Every structure is written in structure tokens, then in C-alpha cells.
Amino acid sequence: GAEDGAPEVEGHPVEGSLSHTLAPDGTPLALAAAGAVPLGVDIEALKPRRPDLYRFLLHPDEYPLLGTLADRHGEPPEVAVVRCWAMKEAVLKALRTGFRLSPKKLRLAVNGEGAFAEAEGTRWRLHTADLHGCTAALAVPAS
């Protein structure tokens, strides 16, 4: 693999990403994507996590996003933070930094036009979907 841990084929980086989790009902789920542009995926079970997770994950300017997502999906903010986690982790994978880059440095925006993130001078479009009690996120460069 590459020095940053990304896979390589014959010395060339592969633009791809992989994630897996167990759904709340115990079903194993995996998500994989590959393409000609940097991309990242993540899938997370939609269940409450530690109550202070948002403080590790979100910049204080992003805290209102929890209410927006909770209202949109009819769930408590403790579950909405998992949606933010999946979106941010997908971008961090696309950047090939993982959590070596603080998730607080990556800014999420969710509006009528969709979901976006900005990090390291790059804007990312986020595609999300729910599946078996989980949320999945795909991050690709915004055009």
C-alpha cells in the first residue's frame, strides 16, 4: 500500500474506499466505491453513541446542524450526530488523511441543494442514504 495506507496497484494509488458495520439487527453491511476521482465512503449504524461525541466531531459553528438533521429525519440529536460522523469520515477517507486531520477542521453544510463539506481547500459533495438502520455517505469532489 501507499505510505498513507491507501491501496496501490503496481505502484499507482487506487481511488477507492471501503467501510463496514453491523446493522442494529445484526446484519453485516459493507460499502465499497472506486473511481477516477478521489472518493470516500462510510456506513454507520444509526444508534446513540457517547453523549459527548459531537464535541470531538463538530466545530461549535456546526452544532446547529444536529437539530437540522434530527428534525429532517425525525430522530434525536444523539442519533443525528452519527449522520455527521459518516459524512465527515467519508471525506477524511477521500482526503486520505483519516483522523490524522481533526474532523473539526472539516466543515459540513446541509441545505436544500444537498450536503457539502469543505476541508483542506477542497469542496466535497456528499451523497447519503439510509439502509437497514444505518446511514451511508459517499464523498466526491464538488464540481
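Report on the accompanying structure.

Here is what the cut-offs are and how they apply
- Residues numbered from 1 in each chain as written.
- Predicted model: local features only at pLDDT ≥ 70, side-chain atom pairs only at ≥ 80, totals over all residues.
- Heavy atoms only, no water.
- Phe/Tyr/Trp six-rings, centres within 6.5 Å; stacked < 30°, edge-to-face > 60°.
- Buried < 20%, exposed > 50% of the residue type's maximum accessible area, 1.4 Å probe, protein only.
- Lys NZ or Arg CZ within 6 Å of the ring centre and 35° of its normal.
- Pairing = 2+ DSSP bridges.
- Helix = DSSP H or I, 4+ residues; strand = E, 2+ residues; numbered from the N terminus.
- Core = buried A, V, L, I, M, F, W, Y, C linked by side-chain atoms within 4.5 Å.
- Arc of directions from axis to C-beta.
- Contact = heavy atoms within 4.5 Å.
- Salt bridge = Lys/Arg side-chain N within 4 Å of Asp/Glu carboxyl O.

### Things to note about the packing of aromatic side chains
Tallying each qualifying case throughout the model produces four aromatic pairs. Between Tyr 54 and Tyr 63 the ring centres are 5.1 Å apart and the planes differ by 80°, which places this aromatic pair in the edge-to-face class. Overall, the relative accessible area of 31% leaves Tyr 63 in the partly exposed class. Within the aromatic cluster, the residues linked to one another by ring pairs are Phe 56, Trp 85 and Phe 99. The ring of Phe 116 carries Arg 123 above its face, with NZ or CZ at 4.1 Å from the centroid.

### Considerations on the pairing of strand S7 (residues 114–119)
In this sheet, S7 lies alongside strand S6 (residues 107–111) in antiparallel orientation, the contact comprising five bridges. Within S7, the residue paired with Leu 108 across the bridge is Ala 117. The pairing of S7 with strand S8 (residues 122–131) spans five bridges and is classified as antiparallel. Pairing of Phe 116 across the sheet is with Arg 125, part of S8. Hairpin remark: S7 followed by S8, antiparallel, with two residues in the connecting loop; positive phi at Glu 120, about 55°.

### Quick look at the nonpolar core
By size, the foremost hydrophobic cluster in this structure holds 31 residues, and its most contacted members are Cys 84, Met 87, Leu 108 and Leu 126. Of all the elements in the fold, those that place two or more residues in this core are helix H1 (53–57), helix H2 (63–73), helix H3 (77–94), S6, S7, S8 and strand S9 (134–141). Of the residues forming this core, the biggest block, 12 residues, is contributed by H3. Residues Ala 23, Ala 45, Cys 134 and Ala 136 belong to the second largest nonpolar core, which totals six residues.

### Description of the pairing of strand S4 (residues 28–34)
Across seven bridges, the pairing between strand S3 (residues 16–22) and S4 is antiparallel. Bridge assignment links Gly 16 to a residue of S4, and that residue is Ala 34. Hairpin connection between S3 and S4: a loop of five residues separates the two successive antiparallel strands, and Gly 26 in this loop has a positive phi of roughly 95°.

### Some words on the environment of Gly 35
With respect to the secondary-structure elements, Gly 35 resides in the loop between S4 and strand S5 (40–45). For Gly 35, a relative accessible area of 37% puts it in the partly exposed group. Along the primary structure Gly 35 and Ala 137 are separated by 102 residues, whereas in three dimensions their C-alpha atoms are 15 Å apart.

### Comments concerning H2
When we look at burial in H2, the residues that qualify are Leu 65, Leu 66, Leu 69 and Ala 70. Angular distribution of buried residues about the axis of H2 spans 135°; they occupy a single face of the element. Pointing more than 90 degrees away from the buried face of H2 are the exposed residues Pro 64 and Asp 71. Elements in contact with the buried residues of H2: H1, H3 and S6. Phi turns positive, to about 60°, at Gly 74, one or two residues after H2.

### Comments concerning the pattern of salt bridges
Evaluation of the coordinates by the stated rule reveals eight salt bridges. Residue Glu 75 is joined to Arg 83 by a salt bridge in which the shortest nitrogen-to-oxygen separation is 2.6 Å. Linked through salt bridges whose partners overlap, the residues forming this network are Glu 75, Arg 83 and Asp 130.

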